[in-house]
Amino acid sequence: RNTNFTSFRDIIEFILGSKRNLMELARGVNLHFIKSTKFKTNKIKLRFSAPMSPATIADRVLVSSILETANAVYPTSQLFRERLASLYGSNYSTSVSKRGLVHYVDINVSFVRDSFLSRKNALTTEMVEFIKASLLSPLVDQKGFESSIFEIEKKNIIHELESEIENHFYHAHLELNKLFYLSEEMQLPRVSSLDLMKQVTPETSFSVFQKMLKEDKIDIFFIGDFNEVAMQEQFFQFGFTDREQDLLLDYQQPFSKILREGIEQKEANQSILEMGYHFPIQYGDTSHIPLIVMNGLLGGYAHSKLFVEVREKASLAYTVSSTMDIFSGMLRVYAGIDRKNRNKAMTLINRQVADLKRGKFSEEELQQTKNMLKNSALLSQDRQNALLETTYLSAVLGKKFLRVDEWLEVMENVKKEDIILAANTLKLQAMYFMEGK
């Protein structure tokens, strides 16, 4: 740990007391400052946000890969990494993710705080210049990314996607998504698909990169100790222009009384059962927090009903758990089982959901779940990435957003009847079974 928290009060005071500022570089391009000396490192994150689209997602994934490999200033991977090493071993990486109908490409930079060095603000300034080289001096060849670097990165991503397909749980997750979601965009994984990736070219990816710079909503986060005015002046030099993006974090689709089912056979040692439950609750609704607690009771922890009843007592699953996505209206239950136990496991899983709907759980189980959720929430606030994500959600969700102290207070006040109400919104919408040997 890089912080000095000794109590819950310390954490709340840090969260509430951290100096948060937001500055607009251009319409749709914002700087977020979180001043803190609690961490030994500074961190910068650039988030490019755009609507999920099969027309651009593969190129965005490839752009993400190229951005952390080379550019015109550091034209080889070796020179790129050597420069980072010379900057006191600073870290530069990229990642892609999705939330609702929004796709993100993130640039993540972490480096030693200037206060630990002899020259003030020097390293932060150099790191911003390094980011600038990545964005404004790409490694290009005629009208596209330089072909040799592009082909290496494309080949690597295709290999990773092929490996993911062999991951049976990953494959089962995607198959349930296809059954559950009506929207093609929601069916897409954050890393694109093999078919889409094979279609990209140096020209299409470079074109999408230019589109990202001109049209994506861009959020730039600083957390740590730095000169805000100096950073603002540096980023003004990037020349970002005004843009408007209609971004939909919340996805909702109507429930259909027709159960969507899929089954396929695979050469695997175990079978996988995935069940997708529809719920109409959205972020900020009255039942939002009770739904989170309900998921904890159902399958979030080792004391949860799925683990105890399905795995421990009935011995019907090697692994079983549940997750929920408040931004897409789906609660997913997944279990690794023997193929002969499919119907038994499905019946017992449905019974656990039915028990929650009827209030068949103890106050002790409820309090244990709340304690687990509280610990997870407090631990997350001890991490820079979690604080950055909190700042982002606060900016995009506005009044609906709950600070961690508010979230904890609401969660502690969740009653049994609230859980029952939330559970009764769950309706089985889709089911996928991958039959192994």
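The coordinates are above.
Basis of the calculations
Residues numbered from 1 in each chain as written. Predicted model: local features only at pLDDT ≥ 70, side-chain atom pairs only at ≥ 80, totals over all residues. Heavy atoms only, no water. Axes fitted to C-alpha atoms, helices over the stretch in contact; angles between N-to-C directions. Helix = DSSP H or I, 4+ residues; strand = E, 2+ residues; numbered from the N terminus. Parallel < 35°, antiparallel > 145°, perpendicular 65-115°, else oblique. Left-handed = near helix turned anticlockwise from the far one by under 90°. Contact = heavy atoms within 4.5 Å. Buried < 20%, exposed > 50% of the residue type's maximum accessible area, 1.4 Å probe, protein only. Pairing = 2+ DSSP bridges. Salt bridge = Lys/Arg side-chain N within 4 Å of Asp/Glu carboxyl O.

## Quick word on the packing of helix H3 (residues 77–86) against helix H4 (residues 122–136)
- In contact at an axis separation of 11 Å, H3 and H4 are set at 165° when each is read in the N-to-C sense. One way to sum up the angle between H3 and H4 is to call them roughly antiparallel. Crossing handedness for the pair H3 and H4: left-handed. Between H3 and H4, the contacting residues are Phe 80, Arg 83 and Leu 84 on the first element and Glu 126, Met 127, Phe 130 and Ser 134 on the second.

## Concerning the pairing of strand S13 (residues 427–435)
- The element S13 is largely enclosed, with a buried count of seven among its nine residues.
- Where strand S10 (residues 271–278) meets S13, seven bridges bridge the pair, whose relative direction is antiparallel. Counted as the bridge partner of Gly 276 is Ala 430 from S13.

## Quick notes on the pattern of salt bridges
- This structure, assessed with the given rule, holds 21 salt bridges.
- Arg 27 is paired through a salt bridge with Asp 242; the nearest N and O atoms lie 3.3 Å apart. Remark: Asp 242 occurs in the loop between helix H10 (228–236) and strand S9 (260–265) and Arg 27 occurs in the loop between strand S1 (19–26) and strand S2 (29–35); sequence separation between them is 215 residues.
- Accessibility expressed as a relative area gives 40% for Arg 27, which makes it partly exposed.
- By relative accessible area, which is 46% here, Asp 242 ends up partly exposed.
- Note that Asp 219 is salt-bridged to Lys 217, the shortest N-O span being 2.7 Å. Lys 217 carries the same exposure label as Asp 219, and that label is buried.
- Taken together, the salt bridges that share partners define one network made up of Lys 45, Arg 47, Arg 99, Asp 106 and Glu 389.

## Examining the sheet that holds strand S12 (residues 330–337)
- Spatial ordering of the open sheet is given by S9-S13-S10-S12-S11, a layout of five strands whose pairing is mixed. Looking along the sheet, the strands with just one partner apiece sit at the ends: S9 and strand S11 (319–325). Pairs of neighbouring strands in the sheet enclose a mean axial angle of 10°, with direction left out of account.
- Contacts from helix H11 (residues 288–300) reach S11 and S12, with the element oriented near 170° to S11.
- Strands in contact with helix H13 (residues 342–357) are S9, S10, S12 and S13; relative to S10, the strand with the most contacts, it is inclined by about 30°.

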